[in-house]
Amino acid sequence: MKITYREENGRFYPNLALPEQSNYNIGKYGLLHLDFIKEHRKGRYTTLISECRLNEYLHKIDIEANEMLETIIPRLATKRGIDENLKARDMLRWVAEMNNIKASAEEIVLREVVLV
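Each chain carries its own residue numbering, running from 1 in the written order of its sequence. Side-chain atom pairs in this predicted model are given and counted only at pLDDT of 80 or more, local residue features only at pLDDT of at least 70, and totals for whole chains, interfaces and linings cover all residues. Side-chain calculation: all heavy atoms of the structure are included, whereas hydrogens and water are not.

**Student:** Hey, could you go over the overall build of the protein for me, with residue numbers and the actual values?
**Tutor:** Helix and strand definitions here come from DSSP, where helices need a minimum of 4 consecutive H or I residues and strands a minimum of 2 consecutive E residues; each element is numbered from the N-terminal end. Check the secondary structure of the protein and you find five helices and two strands. Seen in sequence order, the protein has helices and strands lined up from the N terminus as β-β-α-α-α-α-α. Scaling as 2.2 N^0.38, a compact globule of 116 residues should have a C-alpha radius of gyration of about 13 Å, whereas the protein reaches 23 Å, well beyond that. Overall size of the protein, expressed as C-alpha extent along the three principal axes, is 80 × 25 × 25 Å. Counting all 116 residues of the protein, 25% fall into the buried class. Working rule for contacts: check all heavy atoms of both residues, and any pair within 4.5 Å makes them a contact. For the protein, contacts bridging at least 24 residues in sequence account for 64% of all contacts bridging at least 6. For the purpose of charge, His is not counted, nor are the chain termini; Lys and Arg are scored as positive and Asp and Glu as negative. Every charge is mapped to an atom, namely NZ of Lys, CZ of Arg, CG of Asp or CD of Glu. Charged side chains of the protein number 18 positive and 18 negative; the gap between the two group centres comes to 3 Å. Computation of the radius of gyration draws on C-alpha atoms, with the globule rule given as 2.2 Å multiplied by the number of residues to the power 0.38. Relative accessibility under 20% of the residue-type maximum defines a buried residue, over 50% an exposed one, and the middle range a partly exposed one, all with a 1.4 Å probe and only protein chains included.

**Student:** Go over helix H5 (residues 91-114), please, and point to the residues and values.
**Tutor:** Between the first and last C-alpha of H5 there are 32 Å, a value that for 24 residues agrees with the 34 Å anticipated at 1.5 Å per step. The complete set of buried residues in H5 reads Trp 94, Ile 101, Ala 105, Glu 106, Val 109, Val 113 and Val 114. The inward-facing, buried residues of H5 contact helix H1 (28-40), helix H3 (54-80) and helix H4 (84-89). To estimate the expected span of a helix, count its residues, drop one, and scale the result by 1.5 Å.

**Student:** Provide a residue-level description of the pairing of strand S1 (residues 5-8), including the pertinent values.
**Tutor:** Relative to strand S2 (residues 11-14), S1 is paired through four bridges, and the arrangement is antiparallel. Considered in S2, the bridge of Glu 8 is made with Arg 11. Two strands qualify as a pair provided that DSSP identifies no fewer than 2 bridges between them. In textbook terms, the turn of a hairpin is the stretch between consecutive antiparallel strands, and for S1 and S2 this stretch comprises two residues, one of which, Asn 9, has a positive phi near 55°.

**Student:** Provide a residue-level description of the packing of H1 against helix H2 (residues 42-50), including the pertinent values.
**Tutor:** If you want to describe how two helices pack, look at the angle between their axes and the distance between the axes. Relative to each other, H1 and H2 sit at 115°, their axes nearing to 5 Å. Here H1 lies roughly perpendicular to H2, going by the angle between them. Counting all contacts with H1, which are made through His 33, Leu 34, Ile 37, Lys 38, Glu 39 and His 40, the residues of H2 involved are Lys 42, Arg 44, Tyr 45 and Leu 48. When its residues are assigned to classes, the contact of H1 with H2 shows four nonpolar, two polar and four charged. The axes used here are C-alpha line fits, helices contributing only the stretch in contact, and every angle between their N-to-C directions lies in the interval 0 to 180 degrees. Each angle gets one of four labels, with under 35 degrees taken as roughly parallel, over 145 as roughly antiparallel, 65 to 115 as roughly perpendicular, and the rest as oblique. Residue polarity is assigned by list, with Asp, Glu, Lys and Arg as charged and Ala, Val, Leu, Ile, Met, Phe, Trp, Tyr, Cys and Pro as nonpolar; anything else, Gly included, falls into the polar class.

**Student:** Give a detailed account of the pattern of salt bridges, specifying residues and quantitative values.
**Tutor:** Whenever Lys or Arg places a side-chain nitrogen within 4 Å of a carboxyl oxygen from Asp or Glu, that contact is recorded as a salt bridge. Overall, the coordinates contain four salt bridges when judged by the stated rule. Note that Glu 106 and Lys 28 form a salt bridge whose closest N and O atoms lie 3.1 Å from each other. With Glu 106 in helix H5 and Lys 28 in helix H1, this residue pair connects regions lying 78 residues apart in the sequence. Here Glu 56 and Lys 60 are joined by a salt bridge, their closest N and O atoms 3.4 Å apart. Here Glu 56 and its partner Lys 60 are both found in helix H3, four residues apart, which amounts to about one turn of the helix.

**Student:** Describe in detail the nonpolar core, supporting the description with residues and values.
**Tutor:** Residues enter a nonpolar core if they are buried and are Ala, Val, Leu, Ile, Met, Phe, Trp, Tyr or Cys, with the set joined through side-chain atoms within 4.5 Å. With 16 residues, the main nonpolar core has Tyr 29, Ile 72, Ile 82, Val 109 and Val 113 as its most contacted residues. Sort the elements by how many residues they give to this core and H3 lands first, with seven residues. What Ile 82 contacts, discounting residues up to four positions off in sequence, is Ala 77, Trp 94, Glu 97, Met 98 and Ile 101. Leu 34, Ile 37, Leu 48 and Leu 58 belong to the second largest nonpolar core, which has six residues in total.

Right under this line is the structure:
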């Protein structure tokens, strides 16, 4: 690798530039994972920063977590017998059950994808 220099005020500075980086919007699960790796996986965090891959990595975590949620919630609802008939008969129970299912699914996603 050949490094070129530029002169400013009688001093030579290397012409260095960071490689192109992705600029994805990071959602809830990507940000939670970022906090986790900053605190508990400092080596991984430093490596991702130095290789300019942090944004892309967090975006992939966020996508994986959301896809996992989209598959777990309907499966749990079917397993527990929560359907449109219950929604029509007892709206409050349906809302309570769906909130419970969403919380359960988020716990699974946090444990298996985000906090790893």
